[in-house]
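Working through the structure, step by step
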Amino acid sequence: NVILRSSTDPSLGVVNYERVFGGGPYLQVLWITVETAGIVTILCALIAYPVAYVISRVRGSMMSLMMAFVVVSLWTSVVIRSYAWMVVFQRKGVLNQFLVAADIVERPISFLPGTLAVNVGMVHIMLPFMLLPMLATMRTIDRTLIAAAEVMGANPFVAFRKVFFPLSLPGLGAGSALVFMMSLGFFITPALLGGPRHMMAAVLIEQQANRLLDWGLASALSTVLLLLTTSIYLVYLRVMKSAGGGFAHGR
């Protein structure tokens, strides 16, 4: 229905797609969306990998406690967490009060709306979706392989780089694909923290559909975003298949 409407409203043809790719703010918004999704994915990977590694090495009640901290964040609404970051980043918020009190800045910084607030808010929300696939993969890695590498003369760093890290790549790939594709369609956090300075595709689509009632253009933008997400997923499957990990087939 969305694809059909994008080519029939207001008239039959590709007028809406010409508007998307012909200029104006639409291509810029799509680029900001892809760029933000990429930054959030990289930051989540850098934070989640060492955390998942530590959790995968512990056992018993300590592991259950660490997992509880990860899962509990999923129980809190995205809206509530986004509003919490608004409190942190506002001109009289916690962050500005700390910066002024520590004499790091002379006057409060305008973080809202802005790119930094959007990236931090999205990383906070997306982090569990990166961490859980990594942890699931790391827990299946046979630790005797690491021990065997060390017995054969490899130091812990070399054993990690040559043995553990390659075996953990399926989890890293799955988490990265999941976070990136979810970030492409993120709405609430960019709408609350980004505003017009950092508008993403989902926010623009909502604006075109509900405020401007331009359903044809909204449908075209939705179709482009859908095709982009599908293409990225197909590339991910191809890469994982070429890597020989078998993860793309669920083995």
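Residues numbered from 1 in each chain as written. Predicted model: local features only at pLDDT ≥ 70, side-chain atom pairs only at ≥ 80, totals over all residues. Heavy atoms only, no water.

1. Here we look at the overall build of the chain
For the chain, the helix and strand inventory stands at twelve helices and zero strands. Reading the helices (α) and strands (β) of the chain from amino to carboxyl end gives α-α-α-α-α-α-α-α-α-α-α-α. Its C-alpha atoms give the chain principal-axis dimensions of about 70 × 55 × 30 Å. Looking at the chain residue by residue over its 251 residues, the buried ones come to 39%. (Helix = DSSP H or I, 4+ residues; strand = E, 2+ residues; numbered from the N terminus. Buried < 20%, exposed > 50% of the residue type's maximum accessible area, 1.4 Å probe, protein only.)

2. Some details on the packing of aromatic side chains
The tally for this structure, following the rule as stated, stands at eight aromatic pairs. For the pair Tyr-53 and Phe-160, a centre-to-centre distance of 5.6 Å together with 90° between the ring planes defines the contact as edge-to-face. With Tyr-53 in helix α3 (residues 26–57) and Phe-160 in helix α9 (residues 156–184), this pair connects stretches of sequence that are 107 residues apart. Of the residues examined, Tyr-53 reaches a relative accessible area of 24% and is grouped as partly exposed. Note on Tyr-233 and Tyr-236: the rings are 6.3 Å apart at their centroids and 35° apart in plane angle, and the pair reads as tilted. Placement of both Tyr-233 and Tyr-236 in helix α12 (residues 215–243) is noted, with a separation of three residues, approximately one turn of the helix. (Phe/Tyr/Trp six-rings, centres within 6.5 Å; stacked < 30°, edge-to-face > 60°.)

3. Considerations on the confidence of the model for the chain
For the chain, the average pLDDT comes to 83, and 96% of its residues sit at 70 or higher. Confidence drops under pLDDT 50 across residues 245–251; counting only partners more than four residues distant or on other chains, this segment forms ten contacts. (pLDDT = per-residue confidence, 0-100. Contact = heavy atoms within 4.5 Å.)

4. Here's the deal with the pattern of salt bridges
Under the definition given, this model contains one salt bridge. For Glu-206, the salt bridge identified is with Arg-211, shortest N-O distance 3.9 Å. A relative accessible area of 21% places Glu-206 in the partly exposed class. (Salt bridge = Lys/Arg side-chain N within 4 Å of Asp/Glu carboxyl O.)

5. Focus on the nonpolar core
Ranked by size, the top nonpolar core spans 36 residues in total, and within it Val-40, Cys-44, Met-130, Leu-131 and Met-134 carry the most contacts. Secondary structure elements with two or more residues in this core: α3, α4 (61–72), α7 (115–138), α8 (143–151) and α9. Residue contacts for Met-134: discarding those within four places in its chain leaves Ala-45, Ala-48, Tyr-49, Ala-52, Gly-171 and Leu-172. Counting residues in each nonpolar core, the second largest holds 20 residues, with Met-199, Leu-204, Leu-221 and Val-224 among its members. (Core = buried A, V, L, I, M, F, W, Y, C linked by side-chain atoms within 4.5 Å.)

6. Overview of the packing of α3 against α7
Orientation of α3 relative to α7, taken along the N-to-C sense of each, is 45°, at an axis distance of 7 Å. As far as their axial angle goes, α7 and α3 are oblique. By crossing handedness, the relation of α3 to α7 is classed as right-handed. Class assignment of the residues belonging to the contact of α3 with α7 gives a composition of 22 nonpolar, four polar and no charged. (Axes fitted to C-alpha atoms, helices over the stretch in contact; angles between N-to-C directions. Parallel < 35°, antiparallel > 145°, perpendicular 65-115°, else oblique. Left-handed = near helix turned anticlockwise from the far one by under 90°. Nonpolar A, V, L, I, M, F, W, Y, C, P; charged D, E, K, R; others polar.)

7. Points about the packing of α3 against helix α11 (residues 201–211)
Two numbers describe how α3 lies on α11: the axes approach to 8 Å, and their chain directions differ by 140°. Comparing the axis directions of α3 and α11 gives the class oblique. From α3, Tyr-26, Val-29, Leu-30 and Thr-33 reach across to α11, where they touch Ala-201, Leu-204 and Gln-208. Considering only residue class, the contact of α3 with α11 consists of five nonpolar, two polar and no charged.

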